[in-house]
Amino acid sequence: MKVPERYADASSWSYHIDEDYYAELDQTRSLFDEDWPEPGPAALYEATIFLTREARLIDDGRFNHWLDLFTDDCLYWVPVAAGGGEPRTEVSHAFDDRRRLTDRVYWLRTGLAYSQIPASRTRRVIGNVDVFDRDPVTRLVRSNFTIHEFRAGITKLYAGWYAHTLVKTGQGWQIKVKRASLLDSEQYHENLTLVF
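Not measured: the values here are computed from a predicted model.

(A) Summary view of the pattern of salt bridges. Under the defined criterion, the tally for this structure stands at twelve salt bridges. Note that R139 is salt-bridged to E46, the shortest N-O span being 2.7 Å. Taken together, the residues R139 in strand β4 (residues 138–151) and E46 in helix α2 (residues 41–59) connect sequence positions 93 residues apart. Assessed through its relative accessible area of 5%, R139 is described here as buried. The exposure class of E46 is partly exposed, given its relative accessible area of 39%.

(B) Structural view of helix α1 (residues 19–32). Here α1 contains 14 residues, and its C-alpha end-to-end distance of 20 Å stays within 8% of the 20 Å for a straight helix at 1.5 Å per residue. Y21, Y22, L25, T28, R29, L31 and F32 are the residues of α1 that are buried.

(C) Molecular detail of the nonpolar core. Of all hydrophobic cores here, the largest spans 33 residues; its most connected members are W66, Y76 and F196. Looking at this core, the elements that each hand over two or more residues are α2, α3 (63–67), β1 (70–79), α4 (98–110), β4, β5 (154–169) and β6 (172–182). Beyond its immediate chain neighbours, meaning those up to four positions away, Y76 contacts W66, A94, F95, D96, L101, R104, K178, L194, V195 and F196. Grouped together as the second largest cluster of nonpolar side chains are seven residues, Y22, L25, L75 and V177 included.

(D) Examining the side chain of T165 more closely. Inspection of the secondary structure assignment puts T165 in strand β5. Beyond its immediate sequence surroundings of up to four residues, T165 is in contact with T28, F32, T138, R139, L140, Q174, I175, K176 and V177.

(E) Geometry of the sheet that holds β4. Reading across from one edge, β2-β1-β6-β5-β4-β3 is the order of the six strands in this open sheet, with mixed pairing throughout. Two strands in the sheet have a free side with no partner beyond their single neighbour: β2 (92–97) and β3 (121–135). Within the sheet, the average angular offset between the axes of one strand and its neighbour, ignoring direction, is 15°. In this structure, β1 lies alongside β2, joined through five bridges in antiparallel fashion. Looking at the pairing, V78 lines up with A94 of β2.

What counts and what doesn't
- Residues numbered from 1 in each chain as written.
- Predicted model: local features only at pLDDT ≥ 70, side-chain atom pairs only at ≥ 80, totals over all residues.
- Heavy atoms only, no water.
- Salt bridge = Lys/Arg side-chain N within 4 Å of Asp/Glu carboxyl O.
- Helix = DSSP H or I, 4+ residues; strand = E, 2+ residues; numbered from the N terminus.
- Buried < 20%, exposed > 50% of the residue type's maximum accessible area, 1.4 Å probe, protein only.
- Expected span 1.5 Å × (residues − 1).
- Core = buried A, V, L, I, M, F, W, Y, C linked by side-chain atoms within 4.5 Å.
- Contact = heavy atoms within 4.5 Å.
- Pairing = 2+ DSSP bridges.
- Axes fitted to C-alpha atoms, helices over the stretch in contact; angles between N-to-C directions.

In C-alpha cells:
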C-alpha cells in the first residue's frame, strides 16, 4: 500500500486515524451505551479470560507482551470528558495510535521516565463483564475496573469502566480499541502515567 504524501512524516501523522476511523469510532461508541442481549457463556468466558490476562500483563509490567495484544490499527484512549466526549475537538488523557502506544511502552521500559521513578506498582480488579458479538470477527466488551496504584509512598485508587473492541485475527482476539473511562475523568489528576 502506498502511503499518501500528506502522511509521509510518521512523526506527525497516523496512517489509519482519519475521518473514516472517527466515523467508525462514533458508531461503535454509541453501541457501548445500549443494552445488549445476554451473552452466551462461551463468549463471556473468553472475554473474561482475555481481560484477566491483559490486567495481569499490565500489573506485572510486561508491557511488550501487553502491546502484542493490540492490532496495528489500534487506539488506546483515556478521555477527559465523562462518557468519552468528542476526540476530534476535546483533549484526552491519552489518545494513542499504535505508533504512540509503542513510544509509551518504550518510555516506560527505559526506567528513566521521571514521572515513573520509582515505577508504579498496580493491581486491578475487573468485573461486571458484558459481551456483544457485533459480527463473527468483532466483539465488544464492557467491564468495570478499580486500579490500586502505589508509587513513592502514596497509594491511589482509580475506578471506571472499560470499552474494548476486539477483533479476531490469526493470533486470536486482539484489541482494536481500548477506552478507559475514569469515574472522575474531568477532575484534576496528577501524573496519569500509569497504564489503564
